[in-house]
Amino acid sequence: MILQPVIPLPVLIPLALIVLMLAGWLCAAACKSLCAWLRVGCVVLALLASAAGLALVLNPGRVEQRPSPHAPLWLVGLDVSASMAAPVRDSAEAETRSSVAAGIIERLAEAGKGELRWLALDETLHPVSSPRELVSIPAAGKGSAIMASLAAGIETCHRSGRTVAGAVLVTDGRDTRPQALQQLVAAAGAAACPVHTLLLGSTWQHPDLIVQAAHPFVQAYPGVETTLTARIHNVRMEERQVQVELVDSTGGILQQKVITLSPGVEQEVDFRHILRGGEYVLRVAPQPGEYRQDNNRALVTVREVNSRIRVFLAEGAPFWDSKFLAQYLREQSIFDVRSVHRLSDKRYYHINSGDEDAAPSDTPDIPTTAAALRHYDIVVLGKGMEHLLDHSAVMALSSWVKEQGGILVLARGRCLAGRMEGLEELEPFIWQEDSAPVTGRMLPAPSGVDGGLFGRLLPGAEDEIWQQLPELEDVLAVKDLRDRTRVLATADDQSRTPILAVMSCGLGAVACVNGEGLWKWDFYPEARVQGNMYREFWRRFLPWVQTSAEFMPGFDLSLHAGRSSVKEGEGFHCLMGWRGIGRPESVVVQVINLQNGQVVAEQKAVPVATASLPRWECVFAPVAPGEYLLRAVAAETPSPECRLSVRPLPTEGDDLNAHPELAARIAEQTGGRVLSTSLTAEELAVVFAMPPDVSATEDVYCPLWAEWQVLAFMVACLGLLWFIRRRKGLL
């Protein structure tokens, strides 16, 4: 019994004596007419009732421990997205992740001694009332916003004034909104709530065939075969033969090939065909047992280049290489060639596309200004250029490459004897002086394969034809590579001397063939057993080099997207440049949906202040997921184009692999730990540990005046007093 008087005892005691004495005197005076024993009984009843009232002023009571309304609670979140229906191990026979999770939820329910709240997590938060209800929810959620959903659950409890002692997240670690990690960390930090993660699953992919285009945007030249490459990936499907088709925009099948696909293998299929500009589809028919069918086709945009590639060829020391190359280029309809060949210091001859005979001349007539070089897309130099170029011509050539986006090709390696200021820095190689030339066969290098020159346009690195072609002569030793140089092919000598390279140089590029003797590929019968590799090489290589420069052949306006692929909801921008005469009054960029050909966005480009060529920039708001063509339009000039892919946000079917890294980051950044599926006693103790300075119960003072027995005693005393006086006629 505990007393908590509402009036201080020094005051209460005298007051109580006075009240008792007054109550007894008043009752005795009011009951004079009663007999002595009844008068005494009435006085006793009055004193008892008064004493009971005075006892309430002492506020007697007791202290009881009761559950605190602010007692800590624990959250248990279960990932119920569709990815949890995948096997828990990398085997189709393994039980599903959700079935394993059911046992874990049961174990947590048994071990939890405090209040547990159960949360189902997928695209949103779904609170449930019991663990049985939680595990009964099928793993069929269409999204995995797991972290955002759990953060919402923590914030809800914290705002209600409850202490969240901890949270357990049972998941496969996959979240389609990974940027929500900071939201979860902030919510857990504000509530001082560690999040413990329990990861289920490993790698897993449903059986599927995936078709992708190796190059979704391809340039095509009139009369020249264009290569479109499909990449077919067999995911967990049995070995089978499939038919890959090249389909035009009308649905007509242009070519088809049957290949054998082994499980887990990605195979490339090349289609070579003379194509017009437009949209083409690479596709595979849906296969029995395939998980998805929407990824069995890939769209390729083919842009037909109607303008001819303008080539200027200069040779200061004529040899078979320059003769064969000039003759070959003049024969091709896609090249418009003007060439000059030095026979002696005062004897030259010129021969251009369409000319039947060479025209002798006393002067080389070399373009020596940037304005004169602007009429060409490619300049090809042979050897002996010290006889044809002076300092002003070299400076103009350098300016044309760097500032006008020109392409320079050194067709016979080092183009001059000795040194010439300005020209050496245009060479991709730093030559090793005082070393004897060697011979060697051309072998594709990794950079040439990755860039699509070998394996797509020309035979791949493993093709035997490279061992059958004649060796190149006069291959010079290379001391080092200049910056931004890619080695496309090497010699087969011990040191793997670079033999073919391309160097980005300002807005343009420089290509170099380190050696002589390519003409033998066209002349020797044994080199032509599998076709004319000489013609094939130059026909593929020269247009390919154009991709290293900013401007396409015949175009004075360039267009480049900041990124060729963006995610849904992201904006994008593109840049344009101008190398022509004058300047367009305006440039408009169109965004064209390739599925229906509709212009979905159009915007006028904004000029950008630069010290070199005129430039524009254009920024677009996000557009719907899909494949788009960007086209820059200016008056009286060809319109350059490029591709843009807007990827939809990832769905449950895009990736079924478990993501342990994300689960570990959640635990680490919220102060939790990664739990094992066995849930050891030590782990459970950590999970359900009571936070410091927090108790599940609280002391509550229970006063007696709130008890019905006290009130009943007082009512009984006063009621009996009233009854006696009533019967005796005193009321």
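Rules of the game
Residues numbered from 1 in each chain as written. Predicted model: local features only at pLDDT ≥ 70, side-chain atom pairs only at ≥ 80, totals over all residues. Heavy atoms only, no water. Helix = DSSP H or I, 4+ residues; strand = E, 2+ residues; numbered from the N terminus. Rg over C-alpha atoms; globule rule 2.2 N^0.38 Å. Buried < 20%, exposed > 50% of the residue type's maximum accessible area, 1.4 Å probe, protein only. Polar contact = N/O pair within 3.5 Å; in protein donor to acceptor, adjacent residues only side chain to side chain. Contact = heavy atoms within 4.5 Å. Core = buried A, V, L, I, M, F, W, Y, C linked by side-chain atoms within 4.5 Å. Pairing = 2+ DSSP bridges.

**Student:** What should I look at first to understand the overall build of the protein in this one?
**Tutor:** Counting secondary structure elements, the protein contains 16 helices and 40 strands. Here the protein has a C-alpha radius of gyration of 44 Å; the compact-globule value for 731 residues is 27 Å, and the former is much larger. Seen along its three principal axes, the alpha-carbon backbone of the protein occupies a region of about 165 × 60 × 55 Å. Sorting the 731 residues of the protein into buried and exposed places 48% on the buried side.

**Student:** I'm lost on the side chain of serine 548 in this one. Help?
**Tutor:** Take serine 548: it is sitting in the loop between helix 13 (533-546) and strand 30 (557-561). Engagement of the side chain of serine 548 in a polar contact is seen with the side chain of arginine 486, the distance being 3.2 Å. Those residues in contact with serine 548 that lie beyond four places of it in its chain are Arg486, Val502, Ser504, Gly508 and Ala509.

**Student:** Please clarify how the nonpolar core should be interpreted in this entry.
**Tutor:** A general tendency of soluble globular proteins is for nonpolar side chains to be buried together. Counting 53 residues, the largest nonpolar core has Trp466, Leu500, Trp521, Trp538 and Phe541 as its most contacted members. Ranked by residue count, the leading element in this core is helix 13, at eight residues. By size, the runner-up hydrophobic cluster in this structure holds 33 residues, among which are Ala314, Met385, Leu389 and Leu426.

**Student:** Explanation requested: the pairing of strand 15 (residues 297-304) in the structure shown.
**Tutor:** Two faces make up the sheet, and in a regular strand the side chains alternate between them. Of all eight residues that make up strand 15, seven are buried, and the element is covered over most of its length. Across four bridges, the pairing between strand 9 (residues 217-220) and strand 15 is parallel. Across the sheet, the residue bridging to valine 218 is valine 302, located in strand 15. Alignment of strand 14 (residues 278-284) against strand 15, held across six bridges, turns out to be antiparallel. Its bridge partner lying in strand 15, arginine 283 is registered against arginine 297.

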